[in-house]
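# Architecture at a glance
Chain residues, written in single-letter form:
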Amino acid sequence: MGYRHRDTGPRLALWMLVALGDVILLLVSAGLSAPVAVLGAVALTVAGVAAWRLARRTTLAGRGAVPVPVGSRRRA
């Protein structure tokens, strides 16, 4: 009864943002223009997150998980 539902979903941590900024700075210092470096890093991040979510979805579905339609949930 006193249990609170915790949001345990993945979150973008501060260290990930710092690492992404470091990658952008390294690309700019290597001679790549700043907008190209930013777009490249953002594109790789989005692709990585999409691949991770797709892989996670297939492993969850592979365990025999049965999807529950949203409208059929009982309310307490």
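Note that the structure is a prediction, hence the values are computed from the model and not measured.

## Focus: the overall build of the protein chain
Looking only at helices and strands, the protein chain has two helices and zero strands in total. The burial tally for the protein chain puts 4% of its 76 residues in the buried class. When the accessible surface of the protein chain is totalled, it reaches about 7200 Å², and 67% of it is carbon and sulfur.

## Notes on the UniProt feature "transmembrane region" (unreviewed entry) in the protein chain
Sites flagged by UniProt as "transmembrane region" (unreviewed entry) map to residues 12-30 and 36-55. With 100% helix and 0% strand, residues 36-55 has its two end C-alpha atoms placed 28 Å apart.

## A look at helix α1 (residues 14-29)
Given a rise of 1.5 Å per residue, 16 residues ought to cover 22 Å, and the 23 Å separating the end C-alpha atoms of α1 matches this to within 8%. Residue glycine 31 follows α1 closely and has a positive phi angle near 115 degrees.

The rules behind each value
Residues numbered from 1 in each chain as written. Predicted model: local features only at pLDDT ≥ 70, side-chain atom pairs only at ≥ 80, totals over all residues. Heavy atoms only, no water. Helix = DSSP H or I, 4+ residues; strand = E, 2+ residues; numbered from the N terminus. Buried < 20%, exposed > 50% of the residue type's maximum accessible area, 1.4 Å probe, protein only. Areas by Shrake-Rupley, 256 points an atom, 1.4 Å probe, with all protein chains shown as cover. UniProt positions renumbered as here; feature names shortened; annotations may be inferred. Expected span 1.5 Å × (residues − 1).

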